[in-house]
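The chain contents come next:
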Amino acid sequence: MEKIIFTPEGEEPVSFYVLEQTRLGGIDYILVTDSEEEDGEALILRDVSAQEEAEAVYEIVTDDEELNAVAAVFENMLDDVKLL
């Protein structure tokens, strides 16, 4: 499982493990968790960076409609995972 480190402005770095990624409507999304081995907290993140940027910039998906749509895609991709 790939481990990525997020560095929020003015905060300590935070590590997440990428469970899956997808692209919907031209937007990249990743499903991440804070624990590699046990049930952890999962988040769906949206890539909000411009294509020419060297590093991706992600934000947590909070819109209920968008969250439900992307969660359904990830649930189909990962048969043993139930989100929301």
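Going by the structure above, here's the rest.
The sections below set out a description of the structure shown in this document. What you see is a predicted model, and the numbers here were worked out from it, not measured in a lab.

How each quantity is defined
- Counting restarts for each chain: residues are numbered from 1 in the order of the written sequence.
- Selection of residues for local features in this predicted model requires a pLDDT of at least 70, selection of side-chain atom pairs for listing and counting requires 80 or more, and totals for whole chains, interfaces and linings are taken over all residues.
- As a rule here, side-chain values cover all heavy atoms of the structure and leave hydrogens and water aside.
- Following DSSP output, two strands are said to pair if at least two bridges run between them.
- Note on conventions: DSSP H or I runs of at least 4 residues are helices, E runs of at least 2 residues are strands, and numbering of each starts at the N terminus.
- Salt-bridge detection follows one rule: a side-chain nitrogen of Lys or Arg within 4 Å of a carboxyl oxygen of Asp or Glu.
- Only protein chains enter the area calculation, which uses a 1.4 Å probe; residues under 20% of their type maximum are buried, those over 50% are exposed, and those in between are partly exposed.

A few words now on the pairing of strand 2 (residues 14–24). In this sheet, strand 2 lies alongside strand 1 (residues 2–6) in antiparallel orientation, the contact comprising five bridges. Note on strand 2: the bridge partner recorded for Glu2 is Val18. With seven bridges connecting them, strand 2 and strand 3 (residues 27–33) associate as antiparallel partners. Across the sheet, Thr22 pairs through a bridge with Tyr29, a residue of strand 3.

The subject of this paragraph is the pattern of salt bridges. As enumerated under the stated definition, the model contains three salt bridges in all. Here Arg46 and Glu59 are joined by a salt bridge, their closest N and O atoms 2.1 Å apart. In this pair, Arg46 is assigned in strand 4 (residues 42–47) and Glu59 in strand 5 (residues 58–60), connecting sequence segments 13 residues apart. Arg46 gets classed as buried once you look at its relative accessible area, which sits at 13%. For Arg46, the salt bridge identified is with Glu66, shortest N-O distance 2.5 Å. Taken together, the positions of Arg46 in strand 4 and Glu66 in helix 1 (residues 64–77) put the pair 20 residues apart, joining distant regions of the chain.

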